[in-house]
Amino acid sequence: MKRLMTTITMAAAALTGCTGPSDRASDGAAAGNAVLDTALTAAEKEARVFTPEVLWKMGRIGSSSIDPSGQEVLYALTYYNMAENKGYTSLWVMPVGEPDKARQITNNTGKDNSPAWGIDGSTGERCIYFLSSRGDGSEQEAGQQLWTVRPDGTGLRRLSDVTGGITGFGISPKGDRIWYTADVQVDSVSSADIYGMPKSKALIYDDLMERHWDVWEDGAYSHIFVADLDPAAAEGKGISNARDIMPGEPWDAPTAPYFEMSEVAWNRAGTQVAYTCKKLTGYEYSMSTDSDIYLYDLSDGSTRNLTEGMPGYDKYPVFSPDDRQLAWQSMERAGNEADKDRLFVMDLATGEKSYVTDGFDYNASNLRWSADGRSIWFIAPIEATHQLCRADLSAGGSEIEVITAGDHDYTDFSIAFPAGNEQPVVVAAKTTLQMAPELFAIDTRDGSDTQITFVNREIYDHVDMGAVQKRWVATTDGKRMLTWVILPPNFDSTKKYPTLLYCQGGPQSVVSQRWSYRWNFELMAAQGYVVVAPNRRGLPSFGQEWLDQISGDYSGQNIRDYLSAIDDVSREPWVDTERRGCVGASYGGYSTFYLAGHSDRRFKAFIAHCGMFNLESFYGETEELWFPANDLGGPYWERPGNRIADRSYSNSPHLAVNDWYAPILIITGAKDFRIPFTQSLQAFTAARAHGIPSRLVYFEDEGHQVFKPQNSLVWNREFFGWLDKYVKRPQQAHE
């Protein structure tokens, strides 16, 4: 499958070989930087308002990893040029705890990504591998090749010349081999190919899935190759004897549509590759999440399925330090993409499997083995935060220790075990609702952390952020629901503020301490709004029962949870109950459409982004059919007789348009195949036919989410323009 979205490889630190014969870097890696105007203007500093324009001036830390000594951290850093509508990424190395000594090791012109530590096999000196499109004039992912550079920025050179480019990679621990991924044409659906008519533009399919996420299937699949690696070879000749380990196979590895490189792993000996693949096709593929972990042996070319008989998602394999065990994330149910993410460990000699997090009612992700193989470190979502945890595997048991605490999200981490250190060195990317990702060093003895990057310090010093309240709201069925309330900067409790109910998408995605560059709560608060963000039923981090409740009950308890949250906060004297709005995307868009006809006129206006409007037509338009089969109870043609499906389709938002009463802004993208734009067209047509003030914003080059810089500014101006007109100043809208 051709990918239009950039694949970012999250590579763990490894000891690998990087010998190179020539240095071609100029004095200072920043010498070739594109000039970017990301400094705050005098007017922005004086105003101290967090605006969409300021948001897009922020630096964005990408993948990061500690070197094996635990002394330095490697990370990618991206800034955006609004006029050019593009981003510029460079690689940086910094001594842990010494931000003033951070050094840029590549210029920002090559879209460098997926950096990984390595070691020069002949000298023992460290070096770095990464992917880049630099040097070929291409901005497409197909132009990416493997590059290497020393930690001081010298020795920059290209190692590969793979036709069509490389989409991801992993270096064997000895540094003599590489696995990489590349798109391979397996079959054709093009009329030009099938009929030999080069000017014909038809795509021809005999089965599902004809499209996925934001692309039409084209007969190409992501395959894994293994090859020899010789960094001392001539430029572009460092990879040789490449072998496709999936020849002729009509499926993707890593799996579509996200193609995460953490789904592929070397063993420590460099003799085996474990990878994730869903070896299903057609309708069967569209109805199941049953991916498996496969083990490929380089010595004889054999492949075996390690998780056969485990019907749900099995992903993200990680070998133990002695190669005797394999850890991975596993879901139990084949049609439930939001099932509990369980930590499993397998004895590779016997095939015995252990469910490590049994009894721990939270997901486990980002798995990292300890140096002695007696424990596994991971991240878990706990009560709308993400914490670092450790599973003790010693003595045959599996005791879970939650290492950190606090209102924050650790979104990823790397870990090193320096010789002679009693404690590991951990560096994690951390966010809060008031802070974009920065790197922190975590003290594993007490769970405390220390910030070690300050990428956006100038912005935080010159804009005002709103306070965040953590509130527990009583629900209609006698439970407690965590709700974040974000207040406008310089909040005055004696004033009344317009207030927004935020409806989360997913529908099974936690409203945590995440920082978003799209739905940013601080950005909403900075425009003068109180934001109410409830962790309604169906969201992770509150146990599987809370999460599962939403499936088959879209219009039920979770909708009542939304209303409990807005009603609870509305009792505060600083909420203006005559100026409330309701906003959301995806399932949050469904929620907005539904509440437009079922909210007892609580809200002055609505905004729905890529929302489900007509559930019957949605079933026939979406691509991953396991999702509506699980969440809606099945297809609409099973009515009557299927009780869950009957309840779901009977509560489709389009059936209540006669009760719509308030202005609604509807936003969608042409490349959204998850909830196709036709859902939004139906809603816009219904609103206009009923005389409801409404507006349709259709992005021609976006999918389910808006990523491009100028499109994002347009999105925000439409979003806040609508709210300002109909919520903040509703009287003016009717004058």
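Position numbers for residues count from 1 along each chain, tracking the sequence in the order it is written. Side-chain atom pairs in this predicted model are given and counted only at pLDDT of 80 or more, local residue features only at pLDDT of at least 70, and totals for whole chains, interfaces and linings cover all residues. Excluding hydrogens and water, the side-chain values take into account all heavy atoms of the structure.

Helix and strand counts for the protein chain come out as 15 helices and 38 strands. With the radius of gyration taken over C-alpha atoms, the globule rule is written as 2.2 Å times the number of residues to the power 0.38. Radius of gyration (C-alpha) of the protein chain: 26 Å, near the 27 Å computed for a compact globule of 735 residues. Taking all contacts inside the protein chain whose residues are at least 6 apart in sequence as the whole, residues at least 24 apart take part in 60%. Roughly 28,600 Å² of accessible area belongs to the protein chain as shown, and the carbon and sulfur atoms make up 47% of that amount. Of the side chains in the protein chain, 68 bear a positive and 98 a negative charge, and the two mean positions are spaced by 5 Å. Under the scheme used here, helices are H or I runs from DSSP no shorter than 4 residues and strands are E runs no shorter than 2 residues, and both carry numbers assigned from the N terminus. Any two residues whose heavy atoms approach within 4.5 Å are treated as being in contact. Areas reported as accessible are Shrake-Rupley estimates using a 1.4 Å probe. Residue values count occlusion only from the protein chains shown. Charge assignment in this entry is limited to Lys and Arg as positive and Asp and Glu as negative, and neither His nor the chain termini are counted. Charge positions are represented by NZ for Lys, CZ for Arg, CG for Asp and CD for Glu.

The next point concerns the sheet that holds strand 38 (residues 694-699). We call two strands paired when DSSP finds no fewer than two bridges between them. The eight strands are arranged 31-32-34-33-35-36-37-38 in an open sheet whose pairing can be described as mixed. The sheet is open, and its two borders are formed by strand 31 (468-474) and strand 38, each paired with just one other strand. Mean inter-strand twist for the sheet, computed between neighbouring axes without regard to direction, equals 20°. Here strand 31 runs beside strand 32 (residues 480-486); their pairing, made up of seven bridges, is antiparallel. Within strand 32, the position partnered with V473 by the bridge is M481. Structural elements are reduced to axes, namely lines fitted to C-alpha atoms, with helices fitted over the stretch in contact, and the angle between N-to-C directions of any two is expressed from 0 to 180 degrees. Packing against the sheet, helix 9 (residues 587-595) makes contact with strand 33 (497-503), strand 35 (575-585), strand 36 (605-609) and strand 37 (664-669), and its axis sits at approximately 135° to strand 35.

The next point concerns the nonpolar core. One broad rule of soluble globular proteins: the nonpolar side chains tend to lie buried together. One finds L501, L595 and W660 to be the most contacted residues of the largest nonpolar core, which totals 53 residues. Sorting elements by how many residues they give to this core places helix 8 (residues 557-570) first, with six residues. Excluding its chain neighbours within four sequence positions, the residues that come into contact with L501 are V532, P534, Y562, I566, G581, C582, V583, L595 and F603. Nonpolar cores are built from buried Ala, Val, Leu, Ile, Met, Phe, Trp, Tyr and Cys residues. Side-chain atoms within 4.5 Å join them into one set. Each residue gets one of three labels from its accessible area relative to the maximum for its type: buried under 20%, exposed over 50%, partly exposed in between, using a 1.4 Å probe on protein chains only. Residues L55, L523, A526 and L723 belong to the second largest nonpolar core, which totals 45 residues.

Where helix 8 meets helix 9, the axes come as close as 11 Å, and the angle between the chain directions of the two elements is 75°. Classified by the interaxial angle, the pair formed by helix 8 and helix 9 is roughly perpendicular. Residues N558, I559, Y562 and L563 of helix 8 form the contact with helix 9, whose participating residues are Y587, S591, Y594 and L595. Following the grouping adopted for this structure description, the nonpolar residues are Ala, Val, Leu, Ile, Met, Phe, Trp, Tyr, Cys and Pro, the charged ones are Asp, Glu, Lys and Arg, and the polar ones are all others, Gly among them. Within the contact of helix 8 with helix 9, the residues separate by chemical class into six nonpolar, two polar and no charged. In what follows, roughly perpendicular refers to angles from 65 to 115 degrees, roughly parallel to angles under 35, roughly antiparallel to angles over 145, and oblique to any angle outside these ranges.

A grouping of I194, Y195, M197 and I204 is seen on the molecular surface, where their side chains present a nonpolar patch of about 410 Å² in accessible area. Its place among the elements puts M197 in the loop between helix 3 (191-195) and strand 11 (211-212). Given the relative accessible area of 49%, M197 is considered partly exposed. Each patch is assembled from residues with relative accessible area greater than 30% and no salt bridge, linking like charges that lie within 9 Å and nonpolar side chains (Val, Leu, Ile, Met, Phe, Trp, Tyr) that lie within 5 Å. By convention in these notes, a salt bridge is any Lys or Arg side-chain nitrogen within 4 Å of a carboxyl oxygen on Asp or Glu.

So, on to the packing of aromatic side chains. In summary, the pairing rule links any two rings of Phe, Tyr or Trp, Trp by its six-membered ring, whose centres are within 6.5 Å, and it sorts them by plane angle into stacked for under 30 degrees, edge-to-face for over 60 and tilted for everything else. Taken as a whole, this structure holds 37 aromatic pairs when the rule is applied. Measuring from ring centre to ring centre gives 6.0 Å for F542 and W546, while their planes differ by 45°; the resulting arrangement is tilted. Judged by relative accessible area, which is 10%, W546 ranks as buried. A centroid spacing of 5.0 Å and a plane angle of 90° characterise the contact between F719 and F720, whose relative ring orientation is edge-to-face. An identical accessibility class is assigned to F719 and F720; each is buried. An aromatic cluster of at least three residues, connected via ring pairs, comprises Y502, W519, F521, W715, F719 and F720. Geometrically, a charge over a ring is one whose NZ (Lys) or CZ (Arg) sits within 6 Å of the ring centre while staying within 35 degrees of the ring normal. Seen from the ring of Y517, R60 lies directly overhead, with NZ or CZ sitting 3.6 Å from the centre.

Further remarks concern the side chain of T483. Within the element layout of this structure, T483 appears in strand 32. Leaving out residues up to four positions away in the same chain, T483 has contacts with Q469, K470, R471, V473, V532, A533, P534 and A565.

In space, the four strands of this open sheet follow the order 9-10-13-14, with antiparallel pairing throughout. The strands lining the two open edges of the sheet, one partner per strand, are strand 9 (168-171) and strand 14 (239-244). On average, each strand axis in the sheet is inclined to that of its neighbour by 30°, with strand direction left out of account. Bridge count for strand 13 (residues 220-229) against strand 14 is four bridges, and the pairing is antiparallel. By the bridge assignment, V226 is partnered in strand 14 with R243.

This part takes up helix 9. In terms of burial, helix 9 is largely enclosed, as nine of its nine residues are buried. Within the span of helix 9, buried status applies to Y587, G588, G589, Y590, S591, T592, F593, Y594 and L595.

This next bit is on the pattern of salt bridges. For the structure on display, the rule yields 33 salt bridges. A salt bridge links R571 to D568; the nearest nitrogen and oxygen atoms lie 3.5 Å apart. Overlapping salt bridges, with partners in common, bring together D67, E72, R103 and R126 in one network.

A separate point is the pairing of strand 19 (residues 314-319). Along strand 19, five of the six residues are buried, which leaves the element largely enclosed by surrounding structure. Taken together, the four bridges between strand 19 and strand 20 (residues 325-330) define a ladder with antiparallel strand orientation. Its bridge partner being in strand 20, K315 is matched across the sheet by Q329. A loop of five residues connects strand 19 with strand 20, the two strands running antiparallel in sequence, and D323 in this loop sits at a positive phi of about 65°.

In this structure, N535 sits in the loop between strand 34 (530-534) and helix 7 (544-548). With 151 residues separating them along the chain, N535 and A384 place their C-alpha atoms 7.5 Å apart. Sequence-distant contacts of N535, that is, excluding residues within four places in its chain, are made with A384, M481, L482, W484, V510, V511, F542 and W546. Any N or O atom pair separated by 3.5 Å or less is treated as a polar contact, with the protein-specific requirement of one donor-capable and one acceptor-capable atom, and with residues adjacent in sequence counted only for side-chain atom pairs. At a separation of 3.0 Å, a polar atom in the side chain of N535 contacts the main-chain carbonyl oxygen of V511.

What sets the pattern is the α-helix's 3.6 residues per turn: residues three or four places apart point alike. The terminal C-alpha atoms of helix 8 lie 20 Å apart, and with 14 residues this matches the ideal 20 Å at 1.5 Å per residue to within 8%. A large share of helix 8 lies buried, amounting to 12 of its 14 residues. Looking only at helix 8, the buried set comprises Q557, N558, I559, D561, Y562, L563, S564, A565, I566, D568, V569 and S570. Expected span of a helix, by definition, is 1.5 Å for each gap between consecutive residues, and there is one gap fewer than residues.

Mean pLDDT for the protein chain: 94, with 94% of residues reaching 70 or above. Per-residue confidence from the predictor is reported as pLDDT, a score between 0 and 100. Low pLDDT (under 50) marks residues 19-27, which in the prediction has 28 contacts with non-local residues, meaning those over four places away or in another chain.

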